[in-house]
Amino acid sequence: MNPSPVDVDLALVGGGGAASLVLAALDRHDLTGLRVAVVDPVHKRGQDRTWAFWGTPGGDLDPLLTASWSRVDVVTPAGRRVLSLDPLRYAMIRSAPVYDRAAAAERRLGAVRIGAPAGTLHDDGHRVTVYDPAGRVLVRAGWVLDSRPRPPERPGRTTWLQHFRGWWLAADRPTFDPDRAVLMDFRTPQPVRGVSFGYVLPVDDRYALVEYTEFAPAQLTDAGYDAALRGYAAQLGLDLTALRVREVENGIIPMTDGPFLPRPSPRVVRLGTAGGATRPSTGFTFAAMLRQADQIARALAAGQAPVPAPAYPRRHRWLDAVALRALDRGHVGGVEFFARLFDRNPPERVLRFLDGGTSPAEELAVMRSSPLLPMTGAVVGDAVDRLRARLRRDPTPTPVPEAGSRAAGQAGS
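Values in this document were obtained by computation on a predicted structure and should not be read as measured data.

Parameters and conventions
- Residues numbered from 1 in each chain as written.
- Predicted model: local features only at pLDDT ≥ 70, side-chain atom pairs only at ≥ 80, totals over all residues.
- Heavy atoms only, no water.
- Helix = DSSP H or I, 4+ residues; strand = E, 2+ residues; numbered from the N terminus.
- Buried < 20%, exposed > 50% of the residue type's maximum accessible area, 1.4 Å probe, protein only.
- Contact = heavy atoms within 4.5 Å.
- Areas by Shrake-Rupley, 256 points an atom, 1.4 Å probe, with all protein chains shown as cover.
- Core = buried A, V, L, I, M, F, W, Y, C linked by side-chain atoms within 4.5 Å.
- Pairing = 2+ DSSP bridges.
- Phe/Tyr/Trp six-rings, centres within 6.5 Å; stacked < 30°, edge-to-face > 60°.
- Lys NZ or Arg CZ within 6 Å of the ring centre and 35° of its normal.
- Axes fitted to C-alpha atoms, helices over the stretch in contact; angles between N-to-C directions.
- Lys, Arg positive; Asp, Glu negative; His and termini not counted.
- Salt bridge = Lys/Arg side-chain N within 4 Å of Asp/Glu carboxyl O.
- Polar contact = N/O pair within 3.5 Å; in protein donor to acceptor, adjacent residues only side chain to side chain.

Here we look at the overall build of the protein chain
Phase 1 of the analysis: Regarding its fold elements, the protein chain presents 9 helices and 17 strands.
Phase 2 of the analysis: Within the span of the protein chain, comprising 413 residues, buried residues form 50% of the whole.
Phase 3 of the analysis: Of the contacts made within the protein chain by residues no fewer than 6 positions apart, 75% connect residues no fewer than 24 positions apart.
Phase 4 of the analysis: When the accessible surface of the protein chain is split by element, carbon and sulfur atoms take 53% of a total near 19400 Å².

Here we look at the nonpolar core
Phase 1 of the analysis: Grouped together as the largest cluster of nonpolar side chains are 42 residues, with contacts concentrated most on Tyr-90, Phe-186, Leu-201 and Phe-338.
Phase 2 of the analysis: In this structure, Tyr-90 is in contact with Ala-52, Phe-53, Trp-54, Ala-67, Ser-68, Trp-69, Val-72, Leu-85, Leu-183, Leu-201 and Phe-284, ignoring residues within four places of it in sequence.
Phase 3 of the analysis: Counting 41 residues, the second largest nonpolar core, distinct from the first, contains Val-22, Leu-34, Leu-109 and Ala-287.

Here we look at the pairing of strand β13 (residues 181-185)
Phase 1 of the analysis: Of all 5 residues that make up β13, 5 are buried, and the element is covered over most of its length.
Phase 2 of the analysis: Taken together, the 2 bridges between β13 and strand β14 (residues 195-204) define a ladder with antiparallel strand orientation. Among the inter-strand pairings, Asp-185 is bridged to a residue of β14, identified as Gly-198.

Focus on the packing of aromatic side chains
Phase 1 of the analysis: By the definition in use, this model includes 12 aromatic pairs.
Phase 2 of the analysis: Look at Trp-69 and Tyr-90: their rings are 6.1 Å apart centre to centre, the planes differ by 40 degrees, and that puts the pair in the tilted class. With a gap of 21 residues between them, Trp-69 in strand β4 (residues 67-69) and Tyr-90 in strand β7 (residues 89-94) connect regions that are remote in the sequence.
Phase 3 of the analysis: Taking relative accessible area as the criterion, Tyr-90 reaches 6% and is therefore assigned buried.
Phase 4 of the analysis: For the ring pair Phe-197 and Phe-215, a centre distance of 5.3 Å and an interplane angle of 85 degrees mean the geometry is edge-to-face. One end of the pair, Phe-197, is in strand β14; the other, Phe-215, is in strand β15 (residues 207-216), with 18 residues separating them in the sequence. Taken as a pair, Phe-197 and Phe-215 share a single burial class, namely buried.
Phase 5 of the analysis: Aromatic rings pair up to connect Phe-186, Phe-197, Tyr-199, Phe-215, Phe-337 and Phe-338 into one cluster.
Phase 6 of the analysis: In this arrangement the basic side chain of Arg-279 is found over the ring face of Tyr-312, its NZ or CZ atom lying 5.4 Å from the centre.

Concerning the sheet that holds β14
Phase 1 of the analysis: Reading across the sheet, the 7 strands line up as β6-β5-β13-β14-β15-β12-β16 and stay open at both edges, with mixed pairing between neighbours. Either end of the sheet is taken by a strand with one partner, and the two such strands are β6 (79-84) and β16 (243-256). Going across the sheet, the axis of each strand differs from the next one's by a mean of 15 degrees, ignoring polarity.
Phase 2 of the analysis: Bridging between strand β5 (residues 71-76) and β13 involves 4 bridges; their strand directions are parallel. What sits directly across from Val-74, in β13, is Met-184.

Quick notes on the side chain of Asp-123
Phase 1 of the analysis: Examined against the element boundaries, Asp-123 turns out to sit in strand β9 (residues 121-123).
Phase 2 of the analysis: Of the side chains with opposite charge, Arg-267 comes closest to the buried, unpaired Asp-123, at an N-O distance of 5.6 Å.
Phase 3 of the analysis: Within the local environment of Asp-123, its side chain forms a polar contact with the backbone nitrogen of Gly-125, the two atoms lying 2.8 Å apart.
Phase 4 of the analysis: Of the polar contacts made by the side chain of Asp-123, one reaches the side chain of Ser-265; its length is 2.7 Å.
Phase 5 of the analysis: Other than its neighbours up to four places away in sequence, Asp-123 contacts Val-128, Ser-265, Pro-266, Arg-267 and Val-268.

Next comes the structure, spelled out in structure tokens:
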């Protein structure tokens, strides 16, 4: 821990995936004159997580990828669909190379590493003071990028979790198809409330990540995850007695229409899930973090404020809220919802929609592929809930302007 507070242009509070991508982007844009500090009691290293995302080949992360696929399978009890993703591809990246690149960027940038937990942030509009939990000053910065996990500003109308466990399985003989990933396999037993699926991400023909995932309101027990994984492995025809579990991955990602506040004060910007980078209907986060890291670096290189664009269009957040409501209230089954999504749309459109990159016309086509009556019920229910919530937050009636006067209008949130 530094003996006295340091003064910098930019402080990264939290040193996980989001901050690592920002450090790499700052280095890529040659911002070596920027004074940077990283505040985190843990210096992230090694394999502690795996990210999957889609994009076009030839990106900056290509040398770091563990594997990528131009075809993926979506499997339901009714059959298997092989989806060609061209011109996109589905890619997997493990945390170690991301952290290693960030550490190298940190050294080249001359960043100060402060190995202490951050507490409160005080933003006076000109500088931000970062305190530790005991109230001691750690750093003063022109801007703070805060990637610490935090709940939404207020509870959502629907709150689920994407929770999962995966086994990295190693075999002594060819067992997996390295040319195709299984994106979603819905042959898993479905929970009473929610949707489950398995997936397979092969690195080569003898090594793969096999994972069980649920979108549901509550987690399973350890025994529950292991039983689900054993059951899914059996469906895949894998003989676990002939395989070795090299690593185990667990995760919990919020799926909620509760609002996250990406800019809580003038010079504090939140990153990652706390900054709205997690897609509520799927839990995907990495691609949005990658986009925002590049936007931050480009802005600083141009002498502008490091404030990225919203991770997803506002209309997408509404569509996510409707979809979550429909699934949660049982208006539509999870398997049916996702099966129709892939059955009735080109794969590229689905993937761009899930990543927030579609046009309104494409989104209308996606909506038409959903069951009409159940989704209409979810739209109406969501609208009623929004109105009730607004009335609870603002019970005071709007004053009626007197005749001859003029009232200034203000858009609602």
